[in-house]
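# Architecture and fold: a report
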Amino acid sequence: ANATLADRGYLNKLNQCLAAIGHNRSISLGATWFAQGASKYEADDYKGAIADFTQAIELDNLHVEAYLQRGQAYTNLGKYQPAIDDYSKAIELRPNSAKAYNYRGNAYRELGECKIAIADYDRSLTIDPNSTTAKNDRRITLDIMAEADRQHLGENSHSREFEYEVVRLNSN
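Residues numbered from 1 in each chain as written. Predicted model: local features only at pLDDT ≥ 70, side-chain atom pairs only at ≥ 80, totals over all residues. Heavy atoms only, no water.

### Some remarks on the side chain of aspartate 86
Positionally, aspartate 86 belongs in helix 5 (residues 80-93). A polar contact is formed between the side chain of aspartate 86 and the side chain of arginine 70, at a distance of 2.7 Å. Other than its neighbours up to four places away in sequence, aspartate 86 contacts Tyr67, Arg70, Gly71 and Tyr74. (Helix = DSSP H or I, 4+ residues; strand = E, 2+ residues; numbered from the N terminus. Polar contact = N/O pair within 3.5 Å; in protein donor to acceptor, adjacent residues only side chain to side chain. Contact = heavy atoms within 4.5 Å.)

### Concerning the packing of aromatic side chains
Tallied over the full model, the rule gives three aromatic pairs. For the pair phenylalanine 34 and phenylalanine 53, a centre-to-centre distance of 5.4 Å together with 45° between the ring planes defines the contact as tilted. Of the two residues, phenylalanine 34 sits in helix 2 (residues 29-42) while phenylalanine 53 sits in helix 3 (residues 46-59), which places them 19 residues apart along the sequence. Relative to tyrosine 103, the ring of tyrosine 87 has its centre 5.6 Å away and its plane inclined at 50°; by these criteria the two rings are tilted. One end of the pair, tyrosine 87, is in helix 5; the other, tyrosine 103, is in helix 6 (residues 98-110), and 16 residues separate them in sequence. (Phe/Tyr/Trp six-rings, centres within 6.5 Å; stacked < 30°, edge-to-face > 60°.)

### A few points about the packing of helix 4 (residues 64-76) against helix 5
A packed helix pair is summarised by two numbers, namely the angle formed by the two axes and the spacing between the axes. Between helix 4 and helix 5, the shortest axis-to-axis distance is 8 Å and the interhelical angle comes to 160°. One way to sum up the angle between helix 4 and helix 5 is to call them roughly antiparallel. In this structure, helix 4 crosses over helix 5, and the sense of that crossing is left-handed. When helix 4 is examined against helix 5, the residues Val64, Tyr67, Leu68, Arg70, Gly71, Gln72, Tyr74 and Thr75 are found in contact with a partner set consisting of Tyr80, Pro82, Ala83, Asp86, Tyr87, Lys89, Ala90 and Leu93. (Axes fitted to C-alpha atoms, helices over the stretch in contact; angles between N-to-C directions. Parallel < 35°, antiparallel > 145°, perpendicular 65-115°, else oblique. Left-handed = near helix turned anticlockwise from the far one by under 90°.)

### Regarding the pattern of salt bridges
Inspection of every chain in the model, using the stated rule, returns nine salt bridges. Aspartate 122 is paired through a salt bridge with arginine 138; the nearest N and O atoms lie 2.5 Å apart. With aspartate 122 in helix 7 (residues 114-127) and arginine 138 in helix 8 (residues 132-171), this residue pair connects regions lying 16 residues apart in the sequence. A residue is classified by how much of its surface remains accessible, and aspartate 122, at 31% relative accessible area, is partly exposed. Residue arginine 138 is classed as partly exposed on the basis of its relative accessible area, which comes to 26%. (Salt bridge = Lys/Arg side-chain N within 4 Å of Asp/Glu carboxyl O. Buried < 20%, exposed > 50% of the residue type's maximum accessible area, 1.4 Å probe, protein only.)

As structure tokens, this is what we get:
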């Protein structure tokens, strides 16, 4: 059975009892929901993982890893804005999380916000200069931007050729 917010008082008393008899172990509802969400995530059950990570966050709104993992689950479902919101919350809670900046950069890239993505990759690399993941994601994003520029220039070139052709035909 899954513990819920209603069980919080009971678990607090149980943890007090464990402490009173000298046990260093305590029971955390947030950790339980997080572990369950992580299992569902690994099984590609992203919707189920989101529900469990949400429970973990409701029980412990400072659980950075729950925000990161829920963001990853949203990303895998193509829900990039909720993912960005979760990564941003993780960054708010842990400003030196290179992983959070990198994940958020990936979500921004998927939304076509490549300049914002590059800024996040740069911040990630400032925190962890040896991150091959951030370096690779940054390079991929720069390649996407370069390709978009080439296509844009190509489109403008074709439209100019068309304009020149129209002008030449009209002048005859």
